[in-house]
Amino acid sequence: MVIPDKTIFIQGVNFLVTIFVLNVLLIKPIREIISKRKGLMDDQMEKIDAFNAGASKKLEDYESQLAAARKEANEIRSSMKLDATATEHSLMSEAGTEAAGTIQAARAEIKIQVQGAMEQLTKDVNKFAEQATGKILGQA
């Protein structure tokens, strides 16, 4: 069995002094370093959150601008397609009118040539008929 004597009080005081010295030399500085690191980590997390929020906002803005640009491009494409269709119809109408005029002029020219050929054939037929008649009568 242990009998307490005055050394227990000395060891108790020694223990308290050691705790005080360790607190001053080790525990407080370590706690301050941990506190500073925690503050730094909190600041970094706030910066990261702010950066992520800014990036999300920029991404949303980019997507909305991209959607607006696509919509505008579709409108421009539709407008240009309508203009091209109108121009195509106009050109086809002009070409049809021009082709009809060319065909009509060609038909008129062919008609004139046919009439000329008919007149020439009529003259030639009369001439051949006279020759044939002359040969037939001349032989008889």
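Right above here is the structure, for reference.
Residues numbered from 1 in each chain as written. Predicted model: local features only at pLDDT ≥ 70, side-chain atom pairs only at ≥ 80, totals over all residues. Heavy atoms only, no water.

Along the backbone of the chain there are one helix and zero strands. Seen through its C-alpha atoms, the chain measures out along the principal axes to roughly 185 × 30 × 25 Å. Here the chain has roughly 13100 Å² of accessible surface; of this, 65% comes from carbon and sulfur atoms. Charged side chains in the chain number 18 positive and 19 negative. The centres of these two groups are separated by 8 Å. (Helix = DSSP H or I, 4+ residues; strand = E, 2+ residues; numbered from the N terminus. Areas by Shrake-Rupley, 256 points an atom, 1.4 Å probe, with all protein chains shown as cover. Lys, Arg positive; Asp, Glu negative; His and termini not counted. Charge placed at Lys NZ, Arg CZ, Asp CG, Glu CD.)

Right, let's get into the environment of Met-41. For Met-41, the position within the fold is in helix H1 (residues 6–139). Along the sequence, Met-41 and Thr-97 sit 56 residues apart, while their C-alpha atoms lie 82 Å from each other.

Our focus in this paragraph is the pattern of salt bridges. Throughout the structure, instances matching the rule amount to two salt bridges. For Asp-42, the salt bridge is made with Lys-38, and the minimal N-O distance between the two is 3.6 Å. Residue Asp-42 and its partner Lys-38 are located together in helix H1, separated by four residues, close to a single helical turn. Residues Lys-57 and Asp-61 are paired through a salt bridge, measuring 3.8 Å at the closest nitrogen-oxygen approach. With Lys-57 and Asp-61 both in helix H1, this residue pair falls four residues apart, about one helical turn. (Salt bridge = Lys/Arg side-chain N within 4 Å of Asp/Glu carboxyl O.)

Turning our attention to a nonpolar patch on the surface. On the surface, Val-13, Val-17, Phe-20, Val-21, Leu-22, Val-24, Leu-25, Leu-26, Ile-27, Ile-30 and Ile-34 cluster together into a nonpolar patch covering about 990 Å² of accessible area. For Leu-22, a relative accessible area of 38% translates into the label partly exposed. (Patch = residues over 30% accessible without salt bridge, like charges linked within 9 Å, V, L, I, M, F, W, Y side chains within 5 Å. Buried < 20%, exposed > 50% of the residue type's maximum accessible area, 1.4 Å probe, protein only.)

Coordinates in, geometry out; function isn't part of it.
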